[in-house]
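Fold and geometry: a report
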Amino acid sequence: MKIVDATLEQDVTFANEMEKVRADFPVLKLEVNGKPLIYLDSAASSQMPQPVIDRLVYYQTSQHANVHRGVHYLSETATSEYEGARQKVQHFVNAREDREIIFTSGTTDAINLVMHGYGRKFIKADDEIILTTLEHHSNIVPWQMLAQETGAKIRVVPVNDAGELLVDEYEKFFNQRTKFVGLIHVSNALGTINPVKKMIALAHMHGVPVLVDGAQAAPHMKIDVQDLDCDFYVFSAHKLCGPTGVGMLYGKASLLESMQPFKGGGEMIATVTFEKTTYNTIPHKFEAGTPPIAAAIGFGAAIDYLLTIGIDEIHAYEMELLHYATELINELSGVHVIGTAASKTSVLSFVVDGIHPHDIGTLLNQEGIAVRTGHHCAQPLMQRFKIPATSRASFAFYNNRSEVEAFIAGIYSVQKFFSR
Ligand code: PLP
């Protein structure tokens with residue numbers, strides 16, 4: 001196998017800057033099976049830099065109390081840090097108001113909130129919900145549950161062989177019965193970046209609201225919900241260097257106000273008697289119980305961290321890694337990249353002739369290389385490509401070219417192992 005030399009022009013200074021960033025990630029010093037860890041599974045969950053870890057420790061050691069309920073120093077501090085984190089998320093996605101940001105436990109929770117809060121109130125029998133073949137299970141199953149409950153129907157936008165949505169087909173789906181669109185911004189399985197702005201505009205021409213699943217977009221590109229004009233936008237903190245257990249739902253204020261609550265309990269109420277409850281204003285109407293305070297503050301710290309590096313810089317660097325890896329993997333015979341869209345994030349899904357993805361993942365792990373293998377919570381997409389699974393390397397800004405080379409050499413070794 002030939003390791004191709006840098007065929008792409010790389011800005012050396014820029015690459016050196018990104019190299020320094022690696023020092024922020026304690027986990028990258030880890031050895032796995034006696035080899036330095038090469039972590040290529042950031043699309044599943046990214047790693048956490050020291051400033052975010054430090055922020056969590058500081059909160060726990062000096063600022064922790066329950067929020068919105070106390071008049072004492074710690075409660076007021078925790079409340080102002082928690083609400084400050086909401087404002088960081090608001091600015092990160094350029095929402096008009098901070099009350100349009102709901103903290104959830106993650107992307108899945110946020111989609112379920114919209115299904116219960118919006119879907120169960122406004123979608124009825126024979127109404128149609130448009131989804132796409134690229135959706136993650138978390139943007140399929142809640143809508144299927146709603147369809148089973150109400151008698152609504154789901155229509156699915158197809159993809160071409162490159163893994164790009166057929167927008168012309170999507171356009172044809174709209175009719176009087178269309179009531180909702182759920183759209184993945186970036187495919188977790190293939191990396192395809194979808195033309196969501198155009199697709200949202202098409203839906204709005206028919207008066208249909210759109211939820212965008214941004215779990216794989218927010219870590220890699222600037223998100224501007226006002227520019228997209230999406231009605232709902234969702235993502236998780238743990239995919240952008242933040243903690244698990246927290247994510248966000250952006251919703252246009254008028255829509256959030258029109259929705260019914262998802263969970264009942266403390267904090268989401270204005271008044272309660274045994275006869276009747278009146279609800280709090282947004283965002284609190286959708287944050288029943290004690291929220292993930294520490295995680296939300298860590299989420300804010302992760303946003304601060306990413307912004308100091310620069311989202312555009314992250315995107316540009318990750319694209320270089322993707323192009324380099326794609327070029328190298330295409331040199332290997334018997335290896336096929338699944339997902340060759342013109343517009344992609346740094347996800348490289350592939351299959352190898354005669355070798356099960358699980359075996360590839362297991363053997364790469366022996367070299368300290370972490371990739372994901374399986375259906376990536378996108379079984380309908382795997383069925384579309386007539387494959388049970390892929391291996392997937394996902395590159396983050398804390399990866400580098402020598403890791404890409406080790407990964408490619410690893411695949412080559414796996415092929416050699418199976419050809420013995
Ligand atoms: N949507 C996409 C595109 C994803 O990649 C993921 C996670 O892999 C999810 C939704 C679900 O995210 P979470 O498990 O954080 O709720």
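1. Considerations on the overall build of the protein chain
Across its full length, the protein chain carries 14 helices and 17 strands. Taking 420 residues into account, the globule formula puts the C-alpha radius of gyration at 22 Å, and the protein chain, at 22 Å, falls close to it. Along the first, second and third principal axes, the C-alpha set of the protein chain runs to 75 × 55 × 35 Å. Each of the 420 residues in the protein chain was classed as buried or not, and the buried ones make up 57%. Restricting to contacts in the protein chain with at least 6 residues of sequence separation, those with at least 24 account for 72%. Taking the average place of the 35 positive charges on the side chains of the protein chain and the average place of its 47 negative ones, the gap between the two points comes to 6 Å.

2. Considerations on the sheet that holds strand 16 (residues 372-374)
The strand order across the open sheet formed by four strands is 13-14-17-16, and the pairing between neighbours is antiparallel. Each having just a single partner strand, strand 13 (335-338) and strand 16 make up the two edges of the open sheet. For this sheet the average axis-to-axis angle between neighbouring strands, irrespective of direction, equals 30°. Each of strand 13 and strand 14 (347-352) touches helix 11 (residues 311-329); the most contacted strand, strand 14, lies at about 15° to it. The strands touched by helix 14 (residues 401-419) are strand 13, strand 14 and strand 17 (390-394); relative to strand 14, the strand with the most contacts, the crossing angle is about 10°.

3. A closer look at the confidence of the model for the protein chain
In the predicted model, the protein chain carries a mean pLDDT of 96, and the fraction of residues at 70 or more is 97%. Across residues 1-9, where pLDDT falls below 50, the model places 19 contacts with residues more than four positions away in sequence or in other chains.

4. Observations regarding the domain arrangement of the protein chain
Taken domain by domain, the protein chain consists of domain 1 (12-49 + 310-418) and domain 2 (53-307). One C-alpha centre belongs to domain 1, the other to domain 2, and the line joining them spans 28 Å. Opposite the 42 residues of domain 1 that make contact, domain 2 presents 37 residues. For the domain 1 and domain 2 pair, buried surface summed over both sides reaches about 3,200 Å², with 57% attributable to carbon and sulfur atoms.

5. Considerations on the site of the ligand
Taken together, Thr107, Thr108, His136, Ser138, Ile184, Asn188, Asp213, Ala215, Gln216, Ser236, His238 and Lys239 make up all the residues around the ligand. Here a nitrogen atom of the ligand and a side-chain polar atom of Asp213 are 2.6 Å apart. Lys239 has a polar side-chain atom sitting 2.6 Å from an oxygen atom of the ligand. Protein chains bury 83% of the 400 Å² of accessible surface belonging to the ligand in isolation. Among the residues forming the shell around the ligand, the class breakdown is two nonpolar, eight polar and two charged.

6. Side note on the packing of aromatic side chains
By the definition in use, this model includes 19 aromatic pairs. When the ring of Phe25 is compared with that of Tyr398, the centres are 4.5 Å apart and the planes differ by 40°; the resulting orientation is tilted. Of this pair, Phe25 sits in the loop between helix 1 (12-21) and strand 1 (31-32) while Tyr398 is found in the loop between strand 17 and helix 14, placing the two residues 373 residues apart along the sequence. Exposure class is identical for Phe25 and Tyr398. Each is buried. Relative to Phe235, the ring of Phe92 has its centre 6.2 Å away and its plane inclined at 65°; by these criteria the two rings are edge-to-face.

7. A word on the side chain of Asp41
Counting through the fold element by element, Asp41 comes out in the loop between strand 3 (38-39) and helix 2 (50-62). Not counting residues up to four positions away in its chain, the partners in contact with Asp41 are Ala370, Arg372, Arg392 and Ser394.

About the cut-offs
- Residues numbered from 1 in each chain as written.
- Predicted model: local features only at pLDDT ≥ 70, side-chain atom pairs only at ≥ 80, totals over all residues.
- Heavy atoms only, no water.
- Helix = DSSP H or I, 4+ residues; strand = E, 2+ residues; numbered from the N terminus.
- Rg over C-alpha atoms; globule rule 2.2 N^0.38 Å.
- Buried < 20%, exposed > 50% of the residue type's maximum accessible area, 1.4 Å probe, protein only.
- Contact = heavy atoms within 4.5 Å.
- Lys, Arg positive; Asp, Glu negative; His and termini not counted.
- Charge placed at Lys NZ, Arg CZ, Asp CG, Glu CD.
- Pairing = 2+ DSSP bridges.
- Axes fitted to C-alpha atoms, helices over the stretch in contact; angles between N-to-C directions.
- pLDDT = per-residue confidence, 0-100.
- Domains from an automatic or database assignment.
- Buried area = accessible area lost by both parts, 1.4 Å probe.
- Near = heavy atom within 4 Å.
- Polar contact = N/O pair within 3.5 Å; in protein donor to acceptor, adjacent residues only side chain to side chain.
- Areas by Shrake-Rupley, 256 points an atom, 1.4 Å probe, with all protein chains shown as cover.
- Nonpolar A, V, L, I, M, F, W, Y, C, P; charged D, E, K, R; others polar.
- Phe/Tyr/Trp six-rings, centres within 6.5 Å; stacked < 30°, edge-to-face > 60°.

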